[in-house]
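Understanding the architecture of this molecule
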Amino acid sequence: GERANKTLLWAPHHSYSEHWLNFGNFAEVKEEMLEWAGAHADWKIILRPHPFLFGTLTDRKVLSASELESWLNWWNSLANTSIDVSSSSAQIFAQASHILTDGISYLAEWPLAVGKPAIFLENPGHWEFSPLGELAAATAHRISMIGELDAAIAMIDMNENRVLEIAELHAAALPNPGRTANRIVEVVIADFES
């Protein structure tokens, strides 16, 4: 609805290592996201950190605890930003009009739930996608820096909605919609008859 008209859900992933997935780029873009939020006062931005994100960043010395704390203080001081770690994905999706993620799960969950493309901030060194991951990535608008965020939002707002790609993802991720109960009955009958 209108209330969700300009709400960006920012969902950074926690994988920060070439040894493990390597999708996350929070540390590289956090200052630009602060600037973007400051320059887009008409937007609400909900930061949805992966539950492991902040711990991973400090444990692995990607950021010091004081750097992270300082950044969080800046983020929380803006009128149009928030952090939500407690809502369910469904609850948080219902509030948002757009999603920016560098991770994996929301890349597939958002288009399946909302029928709109995610904006995928792609870390160039990430591990290869699985075939399902490739289908999910194909539904998204891929950007390589925050400077491209406004253009990606504009494309989505012009209904550049990747309908075919989302349908393909849907078919692969949720095959036989509405047919599951029938298939179980068929299998049980066939088993019983044999």
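Our subject is the structure listed above.
In this text, all values refer to a predicted model and were calculated from it rather than measured experimentally. (Residues numbered from 1 in each chain as written. Predicted model: local features only at pLDDT ≥ 70, side-chain atom pairs only at ≥ 80, totals over all residues. Heavy atoms only, no water.)

**A short note on the sheet that holds strand S3 (residues 81-83)**
Adjacent strands of a sheet pair through backbone hydrogen bonds, lying either parallel or antiparallel. Rules: Strand pairing requires that DSSP identify at least two bridges connecting the strands. Note on conventions: DSSP H or I runs of at least 4 residues are helices, E runs of at least 2 residues are strands, and numbering of each starts at the N terminus. Every angle, taken between N-to-C directions, lies between 0 and 180 degrees, and every axis is a line fitted to C-alpha atoms, over only the stretch in contact when it is a helix. Residue contacts are counted whenever heavy atoms from the two residues lie within 4.5 Å of one another.
If you trace the six strands from one edge of the open sheet to the other, you get S3-S2-S1-S4-S5-S6, paired in parallel fashion. Across the chains shown, the open sheet's two edge strands, defined by having one partner strand only, are S3 and strand S6 (141-143). Direction aside, the axes of adjacent strands within the sheet are offset by 20° on average. One ladder, built from four bridges, connects strand S1 (residues 7-11) with strand S4 (residues 98-101); its direction is parallel. Residue Ala11 lies in a different strand from S4, and its bridge partner there is Thr101. Strands in contact with helix H7 (residues 149-157) are S1, S4, strand S5 (119-121) and S6; relative to S6, the strand with the most contacts, it is inclined by about 170°.

**So, helix H6 (residues 131-139)**
Rules: Categorising residues by exposure relies on relative accessible area from a 1.4 Å probe, with only protein chains included: less than 20% of the type maximum marks a residue as buried, more than 50% marks it as exposed, and the intermediate range marks it as partly exposed. Directions drawn from the helix axis to the C-beta atoms are what define this arc.
Of all the residues in H6, the buried ones are Gly133, Ala136, Ala137 and Thr139. End-on, the buried residues of H6 take up no more than an arc of 155°, which puts them together on one face. As for H6, its buried residues are in contact with helix H5 (105-114), S6 and helix H8 (163-173).

**Regarding the pairing of S4**
Condition: Throughout, right-handed denotes a crossover for which the path from the first strand over the helix to the second runs clockwise when the strands point away from the viewer.
Residues His98 and Leu100 line one face of S4 and the alternating positions Ile99 and Thr101 line the opposite face, and both faces are buried. For S4 and S5, the ladder comprises two bridges, and the chain directions are parallel. Directly across from Leu100, in S5, lies its bridge partner Ile119. For the segment spanning S4, H5 and S5, crossover handedness is right-handed.

**Topic: H5**
The set of residues buried in H5 consists of Tyr106, Leu107, Trp110 and Pro111. Take H5 and look down its axis: the buried residues cluster within an arc of 120°, on one side only. Gly115 lies just past H5 and shows a positive phi near 75°.

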